[in-house]
Amino acid sequence: MYEGAIQDLIDELGRLPGVGPKSAQRIAFHVLSADPADVNRLAGALRKVKELVRFCTTCYNVAESEQCRICRDPRRTDEVLCVVEEPKDVVAIERTGEFRGRYHVLGGAINPLEGIGPDNLRIRELMTRLGGGAVRELILATDPNTEGEATATYLALMVKPMGIAVTRLASGLPVGGDLEYADEITLGRAFEGRRAV
């Protein structure tokens, strides 16, 4: 559509996840009309993240040093390990303020249709961590979709013989939601996970 640098920018932005052609075009023209200082700050932030950010050598969360801040925190318990698919899931759980254990980021979920099997995830590293003997409970916090369920089931089968308690995050109705709008799977899980009051 456009020529030269602006089309190159639109093409590159369009390669980002969740950014379609129209969004890429809007962002490109916003950058074009933005103050040069703002554009330089954005470019600097992009360069900085590629230079400084890496994966924690213990849990594979994002970090700017050898270990992430959670793995360095001595107030955290080593007895409970929460398995998540991506670093963004760590952030979601941390926002609750409810979890004081450690994490293990798999780097995705089992998805045979996409060619992602157990060997493509950080399951071997998880099993090595569990072999240390400190972990008493493994919380499976994978996404409540087909891939997440397959991953959780696979991990549960692998870990149960080790004598470690394996739990799965509860799933059900959102706070403030109406029953009439809940899908059958969510409502079914809410019934399965009911608790005494």
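All values reported here derive from a predicted model rather than from experimental measurement.

Draft legend 1. Fine view of the nonpolar core. Grouped together as the largest cluster of nonpolar side chains are 18 residues, with contacts concentrated most on V83, L126, L130, L138, L140, L155 and V159. Residue assignment for this core shows that the elements contributing at least two residues are β3 (80-84), α6 (123-130), β5 (137-140) and α7 (146-159). When neighbours within four sequence positions are excluded, L130 is seen to be in contact with L81, V135, L138, V159, M162 and I164. Core analysis: the second largest hydrophobic core is formed by 17 residues, A63, I93, Y103 and A141 among them.

Draft legend 2. Spatial organisation of the side chain of R122. Locating R122 in the fold gives a position in the loop between β4 (102-105) and α6. When neighbours within four sequence positions are excluded, R122 is seen to be in contact with F55, Y60, H104, V105, L106 and G107.

Draft legend 3. Local environment of the pairing of β4. Side chains of β4 alternate between two faces, with R102 and H104 and Y103 and V105 buried alike. With four bridges joining them, β3 and β4 adopt parallel strand pairing. Bridging from a neighbouring strand, V83 pairs with H104 of β4. The β-α-β motif built from β3, the intervening helix α5 (residues 87-96) and the parallel element β4 has right-handed crossover chirality.

Draft legend 4. Seen up close, the pairing of strand β6 (residues 165-168). In terms of strand pairing, β5 meets β6 through four bridges, oriented parallel. Each residue of the ladder has a partner; that of I139, found in β6, is T167. Note that the unit made of β5, α7 and β6 has a crossover that is right-handed.

Draft legend 5. The UniProt feature "zinc finger region: C4-type" (unreviewed entry) in the protein chain, seen in detail. When the UniProt feature table is mapped onto this chain numbering, "zinc finger region: C4-type" (unreviewed entry) sits at residues 56-71. Across residues 56-71, the secondary structure splits into 19% helix and 12% strand, with the terminal C-alpha atoms separated by 8 Å.

Draft legend 6. Spatial organisation of the state of the cysteines. Enumeration over the complete set of coordinates arrives at zero disulfides. Looking at the unpaired C59, the closest cysteine sulfur is the one in C68, lying at 3.6 Å. Here C71 stays unpaired: no disulfide links it, and the sulfur of C59, its closest cysteine neighbor, is 3.6 Å away.

Draft legend 7. Main features of the packing of helix α1 (residues 5-14) against helix α2 (residues 21-33). At their nearest, the axes of α1 and α2 sit 8 Å apart, and the two run at 130 degrees to each other. Compared by their axis directions, α1 and α2 come out oblique. At the point where α1 passes α2, the crossing takes the right-handed sense. Mapping the contact onto sequence places I6, L9, I10, L13 and G14 in α1 and A24, Q25, I27, A28, F29, V31 and L32 in α2. For the contact of α1 with α2, the per-class residue count stands at ten nonpolar, two polar and no charged.

Draft legend 8. Geometry of a nonpolar patch on the surface. Among the surface-exposed residues, V49, L52, V53, F55 and V62 lie close enough to one another that they form a single nonpolar patch of about 370 Å² accessible area. Counting through the fold element by element, V62 comes out in strand β2 (residues 62-63). The partly exposed category is assigned to V62, whose relative accessible area is 42%.

Draft legend 9. Inspection of the pattern of salt bridges at higher detail. Summed over all chains, the structure comprises eight salt bridges. Here E12 makes a salt bridge to R15, at a shortest N to O gap of 2.9 Å. Residue class for E12 comes out partly exposed when judged on its relative accessible area of 45%. Residue class for R15 comes out exposed when judged on its relative accessible area of 65%. A salt bridge links D38 to R41, with the shortest nitrogen-to-oxygen separation between them at 2.3 Å. You can see D38 and its partner R41 sitting in helix α3 (residues 36-52), three residues apart, about one turn around the helix. Because the salt bridges share partners, they merge into one network encompassing D73, R75 and R100.

Conventions adopted
- Residues numbered from 1 in each chain as written.
- Predicted model: local features only at pLDDT ≥ 70, side-chain atom pairs only at ≥ 80, totals over all residues.
- Heavy atoms only, no water.
- Core = buried A, V, L, I, M, F, W, Y, C linked by side-chain atoms within 4.5 Å.
- Buried < 20%, exposed > 50% of the residue type's maximum accessible area, 1.4 Å probe, protein only.
- Helix = DSSP H or I, 4+ residues; strand = E, 2+ residues; numbered from the N terminus.
- Contact = heavy atoms within 4.5 Å.
- Pairing = 2+ DSSP bridges.
- Right-handed = clockwise from strand over helix to strand, strands pointing away.
- UniProt positions renumbered as here; feature names shortened; annotations may be inferred.
- Disulfide = S-S within 2.5 Å.
- Axes fitted to C-alpha atoms, helices over the stretch in contact; angles between N-to-C directions.
- Parallel < 35°, antiparallel > 145°, perpendicular 65-115°, else oblique.
- Left-handed = near helix turned anticlockwise from the far one by under 90°.
- Nonpolar A, V, L, I, M, F, W, Y, C, P; charged D, E, K, R; others polar.
- Patch = residues over 30% accessible without salt bridge, like charges linked within 9 Å, V, L, I, M, F, W, Y side chains within 5 Å.
- Areas by Shrake-Rupley, 256 points an atom, 1.4 Å probe, with all protein chains shown as cover.
- Salt bridge = Lys/Arg side-chain N within 4 Å of Asp/Glu carboxyl O.

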